[in-house]
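# Tertiary structure, described
Each chain, letter by letter, is given below.
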Amino acid sequence: MKSKKGFTLVELLGIIAIIATVLAFVVPSVIGMLKRDDEKEYQRFLTDISLATESYIQFNIGNYPDLAITGGSYTISMQDLIENGYIKSNMINPKTDRKISISDTIQVVRKADGSYDYSYVAH
């Protein structure tokens, strides 16, 4: 009688095939989750910028008469928000992984219902 030590080549190939099959299903799911997380992080970034801009506008509405009328618009620079303490200068844009620039802007448009629409423009 021979004592069997180790695995045969067929057994090893079977294990490798099982692991490869599991990875084929798991890797795309993990990549999808990471992409969704990146998009959620960017949406949070835009929400933070919008809220800071909205606060800035409400406090300084007298300086922006165009925003008192429907369809009125104004461009606010990140420099204004940073200098007035509404956002921090070291804020990172998740899409570019770079700090926001003082030359970045937020286009604000007053909608018919009285609310504002914000569009972030990175320069």
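Shown above is the structure to which this text applies.
Right, let's walk through the structure included here. (Residues numbered from 1 in each chain as written. Predicted model: local features only at pLDDT ≥ 70, side-chain atom pairs only at ≥ 80, totals over all residues. Heavy atoms only, no water.)

### A few points about the packing of aromatic side chains
When we look at a pair of aromatic rings, we describe it by the centre distance and by the angle of the planes. Counted according to the given criterion, the structure contains 6 aromatic pairs. Note on Y42 and F45: the rings are 5.9 Å apart at their centroids and 25° apart in plane angle, and the pair reads as stacked. In this pair, Y42 and F45 both sit in helix 1 (residues 9-59), 3 residues apart, roughly one turn of the helix. For the residue pair Y42 and F45, the accessibility class agrees, reading buried in each case. Centre to centre, the rings of Y56 and Y86 are 5.4 Å apart; their planes meet at 85°, and the pair counts as edge-to-face. Of this pair, Y56 sits in helix 1 while Y86 sits in the loop between helix 2 (78-83) and strand 2 (92-93); the two residues are 30 residues apart in sequence, bridging distant segments of the chain. Among the residues examined, Y56 registers a relative accessible area of 6% and is labelled buried. Directly above the ring of Y42 sits K95, whose terminal nitrogen or CZ lies 4.2 Å from the centroid. (Phe/Tyr/Trp six-rings, centres within 6.5 Å; stacked < 30°, edge-to-face > 60°. Helix = DSSP H or I, 4+ residues; strand = E, 2+ residues; numbered from the N terminus. Buried < 20%, exposed > 50% of the residue type's maximum accessible area, 1.4 Å probe, protein only. Lys NZ or Arg CZ within 6 Å of the ring centre and 35° of its normal.)

### Comments concerning unusual backbone geometry
Within the chain, D97 stands out as a residue other than glycine whose phi angle is a positive 60°. Structurally, D97 can be placed in the loop between strand 2 and strand 3 (98-99). The class of D97 is exposed, set by a relative accessible area of 62%.

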